[in-house]
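Each chain, letter by letter, is given below.
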Amino acid sequence: MARGRLRIYLGAAPGVGKTYAMLQEGQRLRAQGADVVVGLVEPHGRRLTAALAEGLETIPRHTLVHRGTAFTEMDLDAVLARRPGIALVDELAHTNVPGSRHTKRWQDVDALLDAGIDVVTTLNIQHLESLNDVVRQITGVVQHETLPDEVARRADQIELVDLLPETLRRRLVHGDVYPQDRVESALTHYFRLGNLTALRELALLWLADRVEEGLQRYRAEHGITAPWETRERIMVGLTGGPEGETLIRRAARITARTPGSELLALHVVPGDGLAQPAPGALAGQRGLVESLGGSYHQTTGEDVPAALLRFAEAENVTQIVLGASRRGRLSLLLRAGVGQRTIHGSGPIDVHIVTHEQVGGTVFPRLPRRPSRGTGPVRLWSALIGAALLLPLLTLVLTALRDRVGLPGALLGYMLVVVSTALVGGVCPALATAIASGVLADYYFTAPPHSLKVTHPIDIVALAVFVAAGWLVGAAAGAAAHRTHQARRAASEARALSRLAVAMTRGQDLPALLEQVRENFALTSVSLLEREPGRGTEPRWYVLASTGERPPELPYDADVEAPVDDRLTLAARGRGLSADDQRILAACATQIGIAHTHGRLTRHAAETDTLAAAEHTRASLLLTASHDLRAPLRTAGEALQRLHPLPPEQTRHLATARSAVHRAAQLVTDLEDLSRLHIGALDLYLRPTDPDEALTATLDDLGTGGHTLALRLPEELPYVLADAALLTRVLTVLGADALRHSPPDAPPTLTAEARPGHLTLRLTDGTGSGPTGARTNSLSFRLSRDLAEAMGGTLEPTTTGGTFSVTLTLPTAAPRPGTAVDHSDLGSPP
């Protein structure tokens, strides 16, 4: 089944007309023959909005009772059963009443979309999670109902319902938004002109970013690489050199002259796909970029101009700012600089070359500042080609000076070529160069000349030593280059992992961490996926966080995958990675998995602390209230005791009043004990307790009356680990409740069963038990249950065939000493 489409009407504040626009769209679609129903609409007393809903089929709401108050919510099951083509659901960020199927309304909407139902809904900008702190700073109001940005981003269509702040305030004054008694307070607080202007700007900017995301997605899907100058994006290329600050400020001035433009900074790391150790200057330049309102990025690439242009095309950059080359003139003659090569391939992108104090002016090239990255095919062939060019040229020079240099001088000259070849290409090119040099020296500089024959044995020794020395030098140079490459590789890996670890310690969210991984490995997009547990052979995956264009939603859609554990995996699209890069990506994935787990535990701990604090506060307030009520109830009881004698017609009313006061006093006592228990102020003395003694005390507390409590007990009951007084109280409360709900001819029955490690006491009502919901929600039952749990036991209610029973389970202590007593068929008047 195809998933339904989601359309959101977005507004900057309440009252701009989102619900009205949603109903207008519903009426339009209904007129066109679409199957439209109203899942839930909140008119908030606005007559025009309510009138617009007339004529649309409305699904009746579902009523829920929470803390004694009735609330209505959207009946999700009824909408799913109706299966309309389009459902209108108001207030996407709403929090459902406890007891609903889902906690949030957007989860209900998600269920409708999964069922193939299109949904039209509304949303205010202040409810977006990413803007929660900004809205609080602007308005001073904390929004408790928030919506994850990812839910809004997944919408197929977002339409802005815009209204001038002055117009909205006029609507407020005319009573079109709130009742008249709330207008003055709203105008002077939340609906101030500055607040509404700022909220409107937030809505426009957020929606503009979503439009930009859609544009980038369209360009990527259609393979459009040429920049579309819908917005000026100025990118500055940074090398980490001292000219960086000059380039950043120049690019910032260009950005400032173009309203709505964006500043980006890019550092290209030549290497093997990992960030190189960033110098302190690069860190400072990053801070400067961010202080000027720009964003810093980092990517990798052997060809710096190609990497610059690839990033510029991906980000729709319109202008590039580069520094003039610091290389010498001879180097520039041999090979064009980064700026010239970037200009050559930039196409419609403007490239600014900025001069600075570090511009190269010497004839000879500067020595490379980075050590060799090791040998490879390019360096191997470069060394061989260089040797093939230098050896003939050197031979021509040496043969012209044959009479002056002789064989020793020639071997020294050839040794220089061998060493140079070894430094570039390693041992194999060096050995080949040494052998070729030996042959040339033998042919031109040993007797007889122009022949490979050697007349003097000393010349043979000299040539052999020369070839061996060339091989040793090549081996040493190759090993040094390889170790240098490994050291740089290890340092790069450590740098990449440490940057990720630092970002984690600074509390950056998952998208920021994934963006860092994407830039480090020059990937197109990265996603952190989580598999839903308990699924069959075709697991369902959820995107926890993502970054980049068209991030993968399934591991099978990715070009690169790095599993974290059996549920989490890091999936990426882009270039293929080497085995070393795959290993480092797996390490980064592990760190991100740790960050995700830590964040989840932190959120859970925060929620637990909040709930615990709220529970502690509530218990403290209840304890204070019970103290305040105890004295008036005692006074009322004493006053009723003194009211005697009374006329016979008033005696019954007096007894009723005394009973009510006594019951109220008992409720206050239960409330006080429950509060003490929740805040940890109720003393518990757990020790081996004889259940027979607790049952005997319970029968005494129940007193005399006209009912019977039947006991069905085994011959021997084990000791239980409990507080004797609290156990007696629990049994007394349960017994009194059972007697109150049992008819005289069907007394409640108490049975016991000893099992390994615990004792079960089950109290069953007689036939004709009343409603069980009120009984299990009563204060006395809740106190009994909490006391049982505090003693390490459980108290569970069950209803079978109309008969209500409660089961008390307690842990057993050491085996009880002494003999057994037969308690079967023991009856006692209550």
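One can find the structure itself at the top, above this paragraph.
Numbering of residues starts from 1 in every chain and runs along the sequence as written. At least 70 in pLDDT is required for a residue's local features to be given in this predicted model, at least 80 for side-chain atom pairs to be given and counted, and no such filter applies to totals for whole chains, interfaces and linings, which use all residues. Note that the side-chain values use all heavy atoms of the structure and ignore hydrogens as well as water.

1. Here's the deal with the sheet that holds strand β13 (residues 350-354)
One requirement defines pairing of two strands: DSSP has to find at least two bridges between them. Strands here mean DSSP runs of E at least two residues long; helices mean DSSP runs of H or I at least four residues long; both are numbered from the N terminus. Reading across from one edge, β11-β10-β9-β12-β13 is the order of the five strands in this open sheet, with parallel pairing throughout. Lying at the two open borders of the sheet, with one neighbouring strand each, are β11 (295-300) and β13. Sheet twist, expressed as the mean angle between neighbouring strand axes with direction ignored, is 25 degrees. The sheet contact formed by strand β10 (residues 262-269) and β11 spans six bridges and is parallel. Directly across from V269, in β11, lies its bridge partner T300. Angles shown run from 0 to 180 degrees and are taken between the N-to-C directions of axes, each axis being a line fitted to C-alpha atoms and, for helices, limited to the stretch in contact.

2. Quick word on helix α23 (residues 724-740)
A helix's residues, less one, multiplied by 1.5 Å, set its expected span. Along its 17 residues, α23 runs 24 Å from first to last C-alpha, staying within 8% of the 24 Å computed at 1.5 Å per residue. Summary of the burial criterion: residues with accessible area below 20% of their type's maximum are buried, those above 50% are exposed, and those between are partly exposed, where the area comes from a 1.4 Å probe applied to protein chains only. α23 sits mainly inside the fold: 12 of its 17 residues count as buried. The complete set of buried residues in α23 reads A724, L726, L727, T728, V730, L731, T732, L734, G735, D737, A738 and L739. Here a polar contact is recorded for every N or O atom pair within 3.5 Å, except that within protein the pair must consist of a potential hydrogen donor and a potential acceptor, and residues adjacent in sequence are included only if both atoms are side-chain atoms. In this structure D723 caps α23, since a side-chain oxygen of it lies 3.1 Å from the backbone nitrogen of A725.

3. A look at the side chain of R233
Mapped onto the secondary structure, R233 falls in strand β9 (residues 233-238). Polar contacts involving the side chain of R233 include one to the side chain of E262, which spans 3.3 Å.

4. Examining helix α22 (residues 691-702)
Taking 1.5 Å per residue as the helical rise, α22 with its 12 residues ought to reach 16 Å, and the 16 Å between its terminal C-alpha atoms agrees with that figure. For α22, the full list of buried residues reads P691, D692, A694, L695, T698, L699 and L702. The buried residues of α22 occupy one face: seen down the axis, they fall within an arc of 160 degrees. More than 90 degrees from the buried face of α22, the exposed residues found are E693, D700 and D701. Of the residues flanking the start of α22, the one acting as N-cap is D690, its side-chain oxygen 3.0 Å from the backbone nitrogen of D692. One or two positions beyond α22, positive phi appears at G703, with a value near 75 degrees. Working definition: the arc comes from the directions between the helix axis and the C-beta atoms, pointing outward to the latter.

5. A closer look at unusual backbone geometry
Residues other than glycine seldom take positive phi values, yet R83 does so here, at roughly 50 degrees. Along the polypeptide, R83 turns up in the loop between α3 (76-82) and β6 (86-89). A relative accessible area of 43% means that R83 is categorised as partly exposed. Phi angles above zero are rare outside glycine, and E91 is one such case at about 55 degrees.

6. Quick notes on the environment of W471
Along the chain, W471 turns up in helix α18 (residues 457-505). Residues W471 and A422, spaced 49 residues apart in sequence, show a C-alpha to C-alpha distance of 8.8 Å.

7. Things to note about the environment of D692
Note that D692 resides in helix α22. Residue class for D692 comes out buried when judged on its relative accessible area of 13%. Distance from D692 to P718, taken between C-alpha atoms, is 9.6 Å for residues 26 residues apart in sequence.

8. Some points on the pattern of salt bridges
Two side chains with opposite charge may pair up if their charged atoms get near one another. One speaks of a salt bridge when a side-chain nitrogen belonging to Lys or Arg is within 4 Å of a carboxyl oxygen belonging to Asp or Glu. Within this structure, the stated rule accounts for 21 salt bridges. Among the salt bridges present, the one from E42 reaches R61, with a minimum N-O distance of 3.4 Å. Of this pair, E42 sits in the loop between β2 (36-40) and α2 (47-52) while R61 sits in the loop between β3 (57-58) and β4 (62-66), placing them 19 residues apart in sequence. The salt bridge involving R101 is made with D77; its shortest N-O contact spans 2.0 Å. Of this pair, R101 sits in the loop between β6 and α4 (105-114) while D77 is found in helix α3, placing the two residues 24 residues apart along the sequence.

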